[in-house]
Amino acid sequence: MNRTFPVRLARVLAEVTGIHHDPARHYLLESRLSGLVERFNLDSLESLGILLEKTPADEGLWSHVYDAISTGETYFYRDQPGLDRFFSSLPPRSSIGTDPVRILSVGCSSGEEVYTLALMAMEAGRLEDFRLAGIDLSFGQIEKARAGVYGQRSVRRVPEDLLRRAFHQEGTHYRVRDRVRSVTRFSRGNILSVVSPLDSYEGILCRNVIIYFDDETRKKLINIFYRLVSPGGVLLTGTGELLPDGGAPFQIESRNGIVLYHKK
Ligand SMILES: C[S@@+](CC[C@H](N)C(=O)[O-])C[C@H]1O[C@@H](n2cnc3c(N)ncnc32)[C@H](O)[C@@H]1O
């Protein structure tokens, strides 16, 4: 296999998904995508790139690529201090009066982040005050999120008592109870292209996603997020994941390594 990553493939992946080819992850990406070269009877990774350039980003071949390149590492209560700050910074109600507080997790992977917020809302006695949405590039991750069934590794940080109250145990796995699931919704989508101008959220989480994006894509994201966050709302990125230009026009609040972006 070629030692340099195929240029056209790298370019089309970055253009469509925002995910930039990182030389340190070269072999990982190469091995994940090589399966598709075989499956679609292509002769090289570069041919895959050429085919992807001609294929609309929502069609079959791309769905395999999204699943292959998605690094879906996540678990319940990941980086909890950030989640706590985010949760306590949310406006008490939606900007449109008595409607629930709307939250969007961008790059939600298999759903643990969204369900964690639902558990936090439940523990605060406010589950029904929230509507929690997640979107992810990968069809496979969204299927898992909708199923809401997790292994021990995913739930290892859920306190035992909460695990009993919020999940049904099924053998070695845990299924999120319907009451918690009822305030959640998951959809397959690309944050760089699917956003409806009518959507609006009091809070957006985008954690452990933009590390794979370059500065230009991050700038584009600021505008997308600024349109999506309602006035008074807040955006949380992952620890150490900064938006360019201080996230302007958001107002940045940085404390103990946790960065919140406020829309006044
Ligand atoms: C490492 S996971 C992060 C999961 C969770 N947010 C967390 O912090 O635990 C990154 C996810 O971002 C998704 N992703 C990457 N680029 C995306 C894009 N352009 N639109 C939507 N999701 C994207 C990937 O498919 C992957 O599931």
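Computed from a predicted model, the values in this text were never measured in an experiment.

1. Focus on the pairing of strand S7 (residues 201–206)
And step 1. With respect to burial, S7 is a largely interior element, six of its six residues being buried.
And step 2. Sheet analysis places strand S1 (residues 101–106) next to S7, joined by three bridges and oriented parallel. Looking across to S7, one finds that leucine 104 is bridged to isoleucine 204.
And step 3. Bridging between S7 and strand S8 (residues 229–237) involves five bridges; their strand directions are parallel. Following the sheet pairing, leucine 205 is matched in S8 by leucine 236.
And step 4. Regarding topology, helix H11 (residues 215–228) serves as the crossover connection from S7 to the parallel S8, and that connection is right-handed.

2. Looking at the site of the ligand
And step 1. Neighbouring residues of the ligand: 20 residues in total, closest Ser70, Thr74, Arg78, Asp136 and Asn208.
And step 2. In the model, a nitrogen atom of the ligand is placed 2.9 Å from a nitrogen or oxygen of the glycine 107 main chain.
And step 3. Between the ligand and glutamate 113, the relevant distance is 3.3 Å, taken from a nitrogen atom to a side-chain nitrogen or oxygen of the residue.
And step 4. Taking 610 Å² as the accessible area of the ligand by itself, protein coverage stands at 99%.
And step 5. Split into classes, the residues belonging to the shell around the ligand amount to five nonpolar, ten polar and five charged.

3. Some points on the side chain of aspartate 129
And step 1. Among the secondary structure elements, aspartate 129 is positioned in the loop between helix H6 (112–123) and strand S2 (130–136).
And step 2. Residue aspartate 129 is classed as buried on the basis of its relative accessible area, which comes to 19%.
And step 3. Once residues lying within four places of it in the same chain are set aside, the contact partners of aspartate 129 are Arg93, Pro100 and Val101.

About the cut-offs
- Residues numbered from 1 in each chain as written.
- Predicted model: local features only at pLDDT ≥ 70, side-chain atom pairs only at ≥ 80, totals over all residues.
- Heavy atoms only, no water.
- Buried < 20%, exposed > 50% of the residue type's maximum accessible area, 1.4 Å probe, protein only.
- Helix = DSSP H or I, 4+ residues; strand = E, 2+ residues; numbered from the N terminus.
- Pairing = 2+ DSSP bridges.
- Right-handed = clockwise from strand over helix to strand, strands pointing away.
- Near = heavy atom within 4 Å.
- Polar contact = N/O pair within 3.5 Å; in protein donor to acceptor, adjacent residues only side chain to side chain.
- Areas by Shrake-Rupley, 256 points an atom, 1.4 Å probe, with all protein chains shown as cover.
- Nonpolar A, V, L, I, M, F, W, Y, C, P; charged D, E, K, R; others polar.
- Contact = heavy atoms within 4.5 Å.

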